[in-house]
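# Summary of structural features
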Amino acid sequence: MSRVHLARSAKPAVTAVPSYVNTIMKGDCVAALDKLPDNSVDMIFADPPYNLQLQGDLQRPDQSKVDAVDDHWDQFASFQAYDDFTRAWLLAARRVLKPNGTIWVIGSYHNIFRVGAKMQDLGFWILNDVIWRKTNPMPNFRGRRFANAHETMIWATKDQKGKGYTFNYESMKAANDDVQMRSDWLFPICNGGERLKGEDGSKVHPTQKPEALLARVLMSASKPGDVILDPFFGTGTTGAVAKRLGRNFIGIEREQEYIDAATARINSVKELPAHDLKIVTGKRAEPRVAFSALIDAGLVKSGMKLTDSKRRWTATVQADGSLSHGGVQASIHKMGATVQELDACNGWTFWHFDCPKSKKLMPIDSLRQIVRDQMSKAGA
């Protein structure tokens, strides 16, 4: 089992990465996976053989041959042989995936349903099926079927207990014009300058995936510094995108031609600066800060007067972090609801204080953000 080590951009290392990270392991994927430790990767992106079952050459109306997938690595003796292969690599992949990690598997109608069934049989818990709709699909030249214009990705956790997995919901929403990201994605197939070609002008790999697709996958379900495993590495799209986005990768590939192409490709990639990789997070993803933490930090003092934005009601801060008004003592939320005669209230945005610097009323939520920033610096 040989490994190809790839160059990384020069930057201070926060924590040392294992020797098998940011390498391409040459060999059969199951045998290579057996060399990796348990629970060692954060995310898996797998693009296994599709088992296309091609019967003879596929030709265009002008009788020219379509450059289809007829490589030996996509050929299996039977559906049973393919199912056995699928079960073997999924079991090996499941072992190395962290408890809170996720796996993405991409395929076509030829194989994705068989893969999905095996995943469920082995205990994987499916989160989504994501459709990659191609803007420029290959036509159906025989004219006896619909044009096959999409591929399917299965996104799953290791098991039903897989809580705390990464999903950058707010980031995906921000990238989608502040609308929740859908599970149907529109991207062109890999072409133009991105398509790797040999000296004779032919494709180096017949099923090279577009970098935009992998970028969406990594940006949605991983964080900078995560380890991304691709057990069917091909020409290294996963590795190239992972490096550019500040993630680490492990590639497994048995064809030396693909390893050589992937190595040159990844070594030419420049990693984006850290400030460009910051992920948008919502309030739910931020550390919880109690109102008493503002008192502990000296940002709010007992006896301090708080008011609403229109100065209709005033409450006094108590030493225990509650508010007092009209002989009643309650939390910032309960007090906000009480004075307005409502069932509920967000006290963080309802209660304000007189800010000496701006000489304006400011919501106490702005003080909570100061505490969060201090917590972030302390953990850096």
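Owing to the predicted nature of the structure, the values given are computational and were not obtained by experimental measurement.

### So, the confidence of the model for the protein chain
- On average, residues of the protein chain score 87 in pLDDT, and 87% of them are at 70 or above.
- Every residue in residues 9–13 scores below 50 in pLDDT, and together they form 3 contacts with partners more than four places removed in sequence or on other chains.

### Looking at helix 2 (residues 79–96)
- With 18 residues, helix 2 ought to run about 26 Å at 1.5 Å a step, and its terminal C-alpha atoms sit 26 Å apart, in line with that.
- All of the buried residues along helix 2 are Y82, D83, F85, T86, W89, L90, A92, A93 and V96.
- Check the buried side of helix 2 and you find it contacts helix 1 (29–33), strand 3 (41–46), strand 4 (97–107), helix 3 (112–121) and strand 8 (227–230).

### So, the packing of helix 5 (residues 211–221) against helix 6 (residues 237–244)
- Relative orientation of the contacting elements helix 5 and helix 6 amounts to 55°, with a least axis distance of 9 Å. Taken together, the axes of helix 5 and helix 6 are oblique relative to one another. The chirality of how helix 5 crosses helix 6 is right-handed. In this structure, helix 5 contributes E211, L214, A215 and L218 to the contact, and helix 6 contributes T237, T238, A240, V241, A242 and R244.
- Its residues assigned to classes, the contact of helix 5 with helix 6 shows 6 nonpolar, 2 polar and 2 charged.

### Digging into unusual backbone geometry
- Despite not being glycine, N22 has its phi angle at roughly 60°, a positive value.
- Of note, N22 is situated in the loop between strand 1 (2–5) and strand 2 (23–26).
- Located in the positive-phi region is E341, a residue other than glycine, with phi close to 55°.
- If you trace the backbone, E341 turns up in the loop between helix 9 (332–340) and helix 10 (347–350).

### Some remarks on a nonpolar patch on the surface
- Taken together, the side chains of Y165, F167 and Y169 present a nonpolar region at the surface, about 260 Å² in accessible area.
- With respect to the helices and strands, F167 occurs in the loop between strand 6 (150–157) and helix 4 (169–175).

### Here's the deal with the pattern of salt bridges
- By the definition in use, this model includes 11 salt bridges.
- In this structure, K134 engages E151 in a salt bridge whose closest nitrogen and oxygen atoms are separated by 2.9 Å. Of the two residues, K134 sits in strand 5 (residues 125–134) while E151 sits in strand 6, which places them 17 residues apart along the sequence.
- Look at K134 and you get buried, because its relative accessible area is 14%.
- The buried category is assigned to E151, whose relative accessible area is 8%.
- A salt bridge links D365 to R368; its shortest N-O distance comes to 2.8 Å. Note that D365 and R368 are positioned in helix 11 (residues 365–379) at a spacing of 3 residues, about one turn of the helix.

Rules used in this analysis
- Residues numbered from 1 in each chain as written.
- Predicted model: local features only at pLDDT ≥ 70, side-chain atom pairs only at ≥ 80, totals over all residues.
- Heavy atoms only, no water.
- pLDDT = per-residue confidence, 0-100.
- Contact = heavy atoms within 4.5 Å.
- Helix = DSSP H or I, 4+ residues; strand = E, 2+ residues; numbered from the N terminus.
- Expected span 1.5 Å × (residues − 1).
- Buried < 20%, exposed > 50% of the residue type's maximum accessible area, 1.4 Å probe, protein only.
- Axes fitted to C-alpha atoms, helices over the stretch in contact; angles between N-to-C directions.
- Parallel < 35°, antiparallel > 145°, perpendicular 65-115°, else oblique.
- Left-handed = near helix turned anticlockwise from the far one by under 90°.
- Nonpolar A, V, L, I, M, F, W, Y, C, P; charged D, E, K, R; others polar.
- Patch = residues over 30% accessible without salt bridge, like charges linked within 9 Å, V, L, I, M, F, W, Y side chains within 5 Å.
- Areas by Shrake-Rupley, 256 points an atom, 1.4 Å probe, with all protein chains shown as cover.
- Salt bridge = Lys/Arg side-chain N within 4 Å of Asp/Glu carboxyl O.

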